[in-house]
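Secondary and tertiary structure notes
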Amino acid sequence: MTLSPLDKALLMILREDTWATVVNVQLALKQKSIQATHQYLKRAEAKGLIASSNIAASFGRPQKLVGITELGHAYAWELDECPTNRRVFNSSKISPAMFAHENDLQKLRISAIQNNWKDWRNAKHLGTRLQATKYPDAIASSPANITYCIEVEREIKSSKRLRTIFASHLSMRKKGHWEKILYLCPSSEIAKRLARKASTLSYLTLEGRRISLRNEHLIHFCLLYTSDAADERSSVD
């Protein structure tokens, strides 16, 4: 089978994310219109590289997703690359909550890659070598070669849960796995409420020791909301 440049670009996305919305495919492939994207995806599906399905979303209309097939996986890596065993698309495994979270993460990944971020790895592909108490949603390196641990935060967690997550991320930072911790929220309101919640955490249990949470720890955290992430560079280097 001969793949077009669009086929190769699409499979590069789906081998990492398994599925994508039509809107995200349009963004990633830089298609001029949603209609052109639909037409291209019909051709890719006819080749057997992808499958499509409509799923219920937690808000609004059902969403059409396209996902990678077994055949798509066979062509997703070049012959000089080492393929990795990855899941194929199964819409029955995607809940409305999971869709909302992973869709936000995918939008961020597309924007980051188009703005020269590199080495993006989603949590599901990190394996067990980190041995972290809480795995981040992703890890990536900025254009300034700063490695970020990335979290998509759609709701405010309890103080107990935030302490566990913050402690894990700071511990792994100390071990050299990343330098900064980036939180992305879907709205400025959630971002502000998360920042306020974080400011009330007076202590963490870090590597078995109870420590006071001070500015020297919080300076390693960056907090953005969705409209920031869509900017060309936002506030993250």
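What comes next is a walk through the structure.

Rules of the game
Residues numbered from 1 in each chain as written. Predicted model: local features only at pLDDT ≥ 70, side-chain atom pairs only at ≥ 80, totals over all residues. Heavy atoms only, no water. Pairing = 2+ DSSP bridges. Helix = DSSP H or I, 4+ residues; strand = E, 2+ residues; numbered from the N terminus. Axes fitted to C-alpha atoms, helices over the stretch in contact; angles between N-to-C directions. Contact = heavy atoms within 4.5 Å. 1 Å grid on protein atoms, 1.4 Å probe; cavity = no way out; pocket = protein on both sides within 12 Å on 5 of 7 lines; lining within 4 Å. Points joined across faces, edges and corners; volume = space filled by probe spheres on them. Salt bridge = Lys/Arg side-chain N within 4 Å of Asp/Glu carboxyl O. Buried < 20%, exposed > 50% of the residue type's maximum accessible area, 1.4 Å probe, protein only. Parallel < 35°, antiparallel > 145°, perpendicular 65-115°, else oblique. Nonpolar A, V, L, I, M, F, W, Y, C, P; charged D, E, K, R; others polar.

1. Quick notes on the sheet that holds strand β3 (residues 63-68)
Within a beta sheet, neighbouring strands are joined by backbone hydrogen bonds and run either parallel or antiparallel to one another. Spatially, β1-β3-β2 is the arrangement adopted by the 3 strands of the open sheet, whose pairing is antiparallel. With partners counted over all chains shown, the strands left at the sheet margins are β1 (19-21) and β2 (50-55), one partner each. Averaged over all pairs of adjacent strands, the angle between strand axes in this sheet comes to 30 degrees, irrespective of strand direction. Where β2 and β3 come together, 6 bridges link them in antiparallel fashion. Within β3, the residue paired with Asn 54 across the bridge is Lys 64. Across the sheet, helix α1 (residues 5-17) is in contact with β1, β2 and β3; its angle to β3 comes to roughly 95 degrees. Together, β1, β2 and β3 form the strand contacts of helix α5 (residues 96-114), whose direction differs from that of β1 by roughly 85 degrees.

2. What about the layout of surface pockets?
Looking at the largest pocket, its volume works out to about 240 Å³. In terms of residue count, α5 provides more of the lining of the largest pocket than any other element does, 5 residues in total.

3. Let's talk about the side chain of Asp 104
Mapped onto the fold, Asp 104 is located in helix α5. Those residues in contact with Asp 104 that sit more than four places away from it in its chain are Val 152, Arg 154, Leu 184 and Pro 186.

4. Structural notes on the pattern of salt bridges
Under the defined criterion, the tally for this structure stands at 10 salt bridges. The partner of Asp 7 in a salt bridge is Lys 47, with the nearest N and O atoms 2.5 Å apart. On the criterion of sequence distance, the pair formed by Asp 7 in helix α1 and Lys 47 in the loop between α3 (34-46) and β2 is long-range, its members being 40 residues apart. Using a relative accessible area of 32% as the deciding quantity, one classes Lys 47 as partly exposed. Note that Arg 109 is salt-bridged to Asp 17, the shortest N-O span being 2.9 Å. Pair noted here: Arg 109 is in helix α5 and Asp 17 is in helix α1, with a separation of 92 residues, a long-range link. On the basis of relative accessibility, which here comes to 9%, the residue Arg 109 falls in the buried class.

5. Here we look at the packing of helix α2 (residues 22-29) against α3
Two elements in contact, α2 and α3, have axes separated by 9 Å at closest approach and are oriented at 95 degrees. Classified by the angle between their axes, α2 and α3 sit roughly perpendicular to one another. Along its contact with α2, which presents Val 22, Val 23, Val 25, Gln 26 and Leu 29, the element α3 presents Ile 34, Thr 37, His 38, Tyr 40 and Leu 41. Each residue belonging to the contact of α2 with α3 can be placed in one class, and the counts come to 7 nonpolar, 3 polar and no charged.

6. Details of unusual backbone geometry
Unlike most non-glycine residues, Asn 116 shows phi in positive territory, near 75 degrees. Note on placement: Asn 116 falls in the loop between α5 and β4 (118-122). Residue Asn 116 is classed as exposed on the basis of its relative accessible area, which comes to 59%. Phi angles above zero are rare outside glycine, and Asp 119 is one such case at about 55 degrees. Position of Asp 119 among the secondary structure elements: in strand β4.

7. Notes on the sheet that holds β4
Within the open sheet, the 5 strands sit side by side as β4-β5-β6-β7-β10. Their pairing is mixed. Looking at the sheet topology across the chains shown, the edges are occupied by β4 and β10 (221-225). Neighbour to neighbour, the strand axes of the sheet diverge by 20 degrees on average, direction disregarded. By the bridge criterion, 5 bridges tie strand β7 (residues 180-185) to β10 in an arrangement that is parallel. Among the inter-strand pairings, Cys 185 is bridged to a residue of β10, identified as Tyr 225.

Purely geometric stuff here, so don't read any function into it on its own.
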